[in-house]
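Okay, here's what each chain looks like letter by letter:
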Amino acid sequence: MEAVPRVAFGVIADIQFADADDGHDFGGSRRRYYRHSLRLLRDAVRAWAAESPPIDFVLQLGDSIDGLNARRGEAEGALRQVLEALGRLPVPVHHAWGNHEFYNFSRTRLAQSGLCSRPAGGAAGPPDGLCQAYHCSPAARLRLVVLDAYDLSVLGRDPDSPRYEESLRLLREKNTNEDLNSPAGHLPIHPDASDRVCLAWNYEAALSVIHSHRCVVCVLAGHLHDGGYCLDSHGVHHLTLEGVIETPPESNAFGTIYVYEDKMILKGRGRIADRVMQF
């Protein structure tokens, strides 16, 4: 008989809700189910709420609403609906901020919104109160670290701020595209769990920090809508979740991760496959 998990938590990524008809990605080849994504989120919330024993928290891995909302003037309403769905959970929700959050809102607005899950007081994160990076301990001998992958980015920053200027210099150095908002350069931190379009530019530096601490067992990310996985040379699992936004209405894309002394077990729904990750 399986031992009782030390902690259990829900995971979901790239909901990208908009109250709009189906559309396509930047390349025009991949279907996006804008309106249906909210229903899939509600289905996920009902499934998590029904778990017994109950889960401890949920990780929302970014891009909760789509940038389409900004162009339609519907960002606040779309965010309200997503937060209302997640608010039906009786457990905390930890939010990562993705590029679509910044297509819709400034950092200042996000820091005042329900997507700011950083603990009050700032002791568990960097001095910059607008940075959505922090750590917490949901169970004994277990620490969750939320990273802000767009801390150094022109997205969401005041154009007159030093951080914006620093980000613009980096963008021009790294991005050879004429359109500086081209998707070529993005988020997960291991090339074998991503592709070059969705990989963070400083992934080598991030991996160096992770590998210098033997306690890290898993890195979770979103943004690559097809998902990805690898076990790196230091024994760290890198799991990129499939995106809700490109999930057909008859399926879904979420899961629950159960953490044991020697492994993590992902029980996936819909597009997300079950997986056992040994420590």
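Residues numbered from 1 in each chain as written. Predicted model: local features only at pLDDT ≥ 70, side-chain atom pairs only at ≥ 80, totals over all residues. Heavy atoms only, no water.

As annotated in an unreviewed UniProt entry, the protein chain carries the name Manganese-dependent ADP-ribose/CDP-alcohol diphosphatase isoform X1 and comes from Pipra filicauda.

Novice: Break down helix α1 (residues 36-49) for me, citing the residues and quoting the values.
Specialist: Its 14 residues place the ends of α1 20 Å apart at the C-alpha level, agreeing with the 20 Å of an ideal helix rising 1.5 Å per residue. Of all the positions in α1, only S37, L38, L40, L41, A44, V45, A47 and W48 are classed as buried. Lining the buried residues of α1 we find β1 (7-12), β4 (57-60), α3 (75-86), β11 (253-259) and β12 (263-270). (Helix = DSSP H or I, 4+ residues; strand = E, 2+ residues; numbered from the N terminus. Expected span 1.5 Å × (residues − 1). Buried < 20%, exposed > 50% of the residue type's maximum accessible area, 1.4 Å probe, protein only. Contact = heavy atoms within 4.5 Å.)

Novice: Tell me what's going on with the pattern of salt bridges, and back it up with residues and numbers.
Specialist: Applying the stated criterion to the full structure yields 15 salt bridges. A salt bridge links R6 to E261; its shortest N-O distance comes to 3.5 Å. With R6 in the segment before β1 and E261 in the loop between β11 and β12, this residue pair connects regions lying 255 residues apart in the sequence. Salt-bridge contacts for R35 lead to D19; the nearest nitrogen and oxygen are separated by 2.7 Å. Taken together, the positions of R35 in the loop between β3 (31-32) and α1 and D19 in the loop between β1 and β2 (23-24) put the pair 16 residues apart, joining distant regions of the chain. Overlapping salt bridges bring together R30, R32, D226, E246 and R271 as one network. (Salt bridge = Lys/Arg side-chain N within 4 Å of Asp/Glu carboxyl O.)

Novice: Before we move on, can you summarise the nonpolar core with the specific residues and values?
Specialist: Core analysis: the biggest nonpolar cluster contains 57 residues, and F9, I12, L41, W48 and L89 have the highest contact counts within it. Of all the elements in the fold, those that place two or more residues in this core are β1, α1, β4, α3, β6 (134-139), β7 (142-146), β11 and β12. In terms of residues, this core owes the most to one element, α1, which gives seven residues. The residues touching L89, leaving out its near neighbours within four places in the chain, are V45, W48, A49 and V58. (Core = buried A, V, L, I, M, F, W, Y, C linked by side-chain atoms within 4.5 Å.)

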